[in-house]
Amino acid sequence: MRGLATAALVVWLSVMGATVASAQPQTPTDACVQSDKRLSELSGLATDGERWYAVNDGGTKSTVFVLGHDCKVQKVINGPTDPFDVEDMARAADGTFWLADTGDNEKKRETVALIELTPAGKTTLHRLTYPDGPHDTETLLLDKNGTPYLVTKSPFGVSEVYRPSGKLASPGPTPLERVGEVQISSTDTKGGPVNPAIGSMVVTGGTVSADGTVVVLRTYTDAYLYPAPDGDIMAALKRKGVRVPLPDEKQGEAIALEPDGTLVSGSEGVGSPIRVVKGAAALLTTEAAPPTGTSGEAGPTATGTSTDGNGMSTVPALGIAAVAIGGTLFLMHRRAAKRS
């Protein structure tokens, strides 16, 4: 009972602390279907406006797939570094890819890593250590100055944010420092591999716009856009954001933002579509409109969240906490085939 009460308190705080504006985003539309068997566990996306760059979850090489907007693989970039569990990626202004080798479902890794991969296939390894023990992390945010931020994965809606405490060493390890947290509330958007009461709070990916002015986090079911006019990621995550529902994705973990403000979303699984939401970034400068959907609405929805951001019109906080306790075990062990 003590564990249940603690979980309920954490979820309740996340509900009360969230600040997400209402919005009227377009319904996601399929751009194409990803059918290449080599990219069966799509976990991270980046874009330069002309191509998409994708990484698999896990893997035995540092690999980036270059895709056209028809989802066909045009090129594969391989580096020699063998990662443990790549979960996300970012693309720097100079074209270098940053792979987040930060997955740790069982929370037992002494170090995690960032891997720099050049378009020519050269890799540089940067090992990292958390100041407070292991975390499972699926989200990498790279600011306009090239500073990486890691956002942990939590089934209770409160994800911690870390960044290197100094210049990255190679191979390191470089200590990370905790710089804050971000709170995500439960929504009624359908989708994901777990109950949406949990999946809608679990941060599974993120991106930063090429100019550094928009920060995006995603869960299994929704994307959240935050304004960063000064390029400060932590300041952005404290501002009011906009929720863009991404319903009916099997296991949505990949997210990118085109230079024109189009949101690009992808899910694990061969045969899953890569979807786009046109004009998503413009919602940050558009006056919020009242939500039009109803709780439990099936299928795609163009509704946003309520102005207090809780998105929990029919699910009590204690109920979510109870579901989350069981869901935690699922999130820890959902990939039995993953390397240990």
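Preceding this paragraph is the structure being described.
What counts as what
Residues numbered from 1 in each chain as written. Predicted model: local features only at pLDDT ≥ 70, side-chain atom pairs only at ≥ 80, totals over all residues. Heavy atoms only, no water. Helix = DSSP H or I, 4+ residues; strand = E, 2+ residues; numbered from the N terminus. Buried < 20%, exposed > 50% of the residue type's maximum accessible area, 1.4 Å probe, protein only. Core = buried A, V, L, I, M, F, W, Y, C linked by side-chain atoms within 4.5 Å. Contact = heavy atoms within 4.5 Å. Phe/Tyr/Trp six-rings, centres within 6.5 Å; stacked < 30°, edge-to-face > 60°. Salt bridge = Lys/Arg side-chain N within 4 Å of Asp/Glu carboxyl O. Pairing = 2+ DSSP bridges. Axes fitted to C-alpha atoms, helices over the stretch in contact; angles between N-to-C directions.

(A) Molecular detail of unusual backbone geometry. Each neighbour pair has its own omega, and for Ser170 with Pro171 the value is 5 degrees, a cis peptide bond. By the secondary structure assignment, Pro171 is in the loop between strand S13 (158-164) and strand S14 (174-183). Backbone geometry places Lys107, a non-glycine residue, at a positive phi of 50 degrees. By secondary structure assignment, the location of Lys107 is in the loop between strand S8 (97-101) and strand S9 (112-117). A positive phi is found at Asp248, a non-glycine position, where the angle reads about 65 degrees. Along the chain, Asp248 falls in the loop between strand S18 (241-245) and strand S19 (252-257). Since its relative accessible area comes to 45%, Asp248 is described here as partly exposed.

(B) Local environment of the nonpolar core. Counting residues in each nonpolar core, the largest one holds 17 residues, and the members touching the most others are Leu141, Val215, Leu217, Tyr226 and Leu237. When near neighbours in sequence (up to four residues on either side) are disregarded, Tyr226 contacts Val182, Ile184, Thr213, Val214, Val215, Leu217, Ala236, Leu237, Arg239, Gly241 and Leu284.

(C) Representation of the packing of aromatic side chains within the structure. Under the counting rule described, the total for this entry stands at two aromatic pairs. When the ring of Tyr53 is compared with that of Phe97, the centres are 5.0 Å apart and the planes differ by 55 degrees; the resulting orientation is tilted. Separated by 44 residues along the polypeptide, Tyr53 in strand S4 (residues 52-56) and Phe97 in strand S8 bring together distant segments of the chain. Residue class for Tyr53 comes out buried when judged on its relative accessible area of 6%. Centroid distance Tyr130 to Tyr162: 5.0 Å. Interplanar angle 80 degrees. Geometry classified as edge-to-face. With Tyr130 in the loop between strand S10 (123-129) and strand S11 (137-142) and Tyr162 in strand S13, this residue pair connects regions lying 32 residues apart in the sequence. Overall, Tyr130 belongs to the buried group, its relative accessible area being 12%. According to the relative accessible area criterion, Tyr162 is buried, its value standing at 0%.

(D) Structural context of the pattern of salt bridges. This structure, assessed with the given rule, holds 13 salt bridges. Across the pair Asp36 and Arg38 runs a salt bridge whose closest N-O atoms are separated by 2.8 Å. Among the ionic pairs, Asp230 bridges to Arg239, the shortest N-O distance being 3.6 Å. In this structure Arg239 comes out as partly exposed when scored by relative accessible area, which is 27%. Here the residues in one salt-bridge network are Asp48, Glu50 and Arg51, joined through shared partners.

(E) Local environment of the sheet that holds S9. Pairing is mixed across the open sheet formed by eight strands, whose spatial order is S7-S8-S9-S10-S14-S13-S12-S11. Either end of the sheet is taken by a strand with one partner, and the two such strands are strand S7 (86-91) and S11. Each neighbouring strand pair of the sheet contributes to a mean axis angle of 30 degrees, computed without reference to strand direction. Two strands pair when backbone bridges link them, and S8 and S9 are joined in this way by five bridges, in the antiparallel orientation. Pairing of Ala100 across the sheet is with Leu114, part of S9.

(F) Here's a closer look at the sheet that holds strand S2 (residues 29-34). Pairing is antiparallel in the open sheet, where four strands are placed in the order S2-S21-S20-S19. Looking at which strands have only one partner, the edges of the open sheet turn out to be S2 and S19. Here the average twist between neighbouring strands, direction ignored, is 25 degrees. Pairing between S2 and strand S21 (residues 272-277): five bridges, direction antiparallel. Following the sheet pairing, Cys32 is matched in S21 by Ile274.

Limitation: the analysis is restricted to geometry and does not speak to function.
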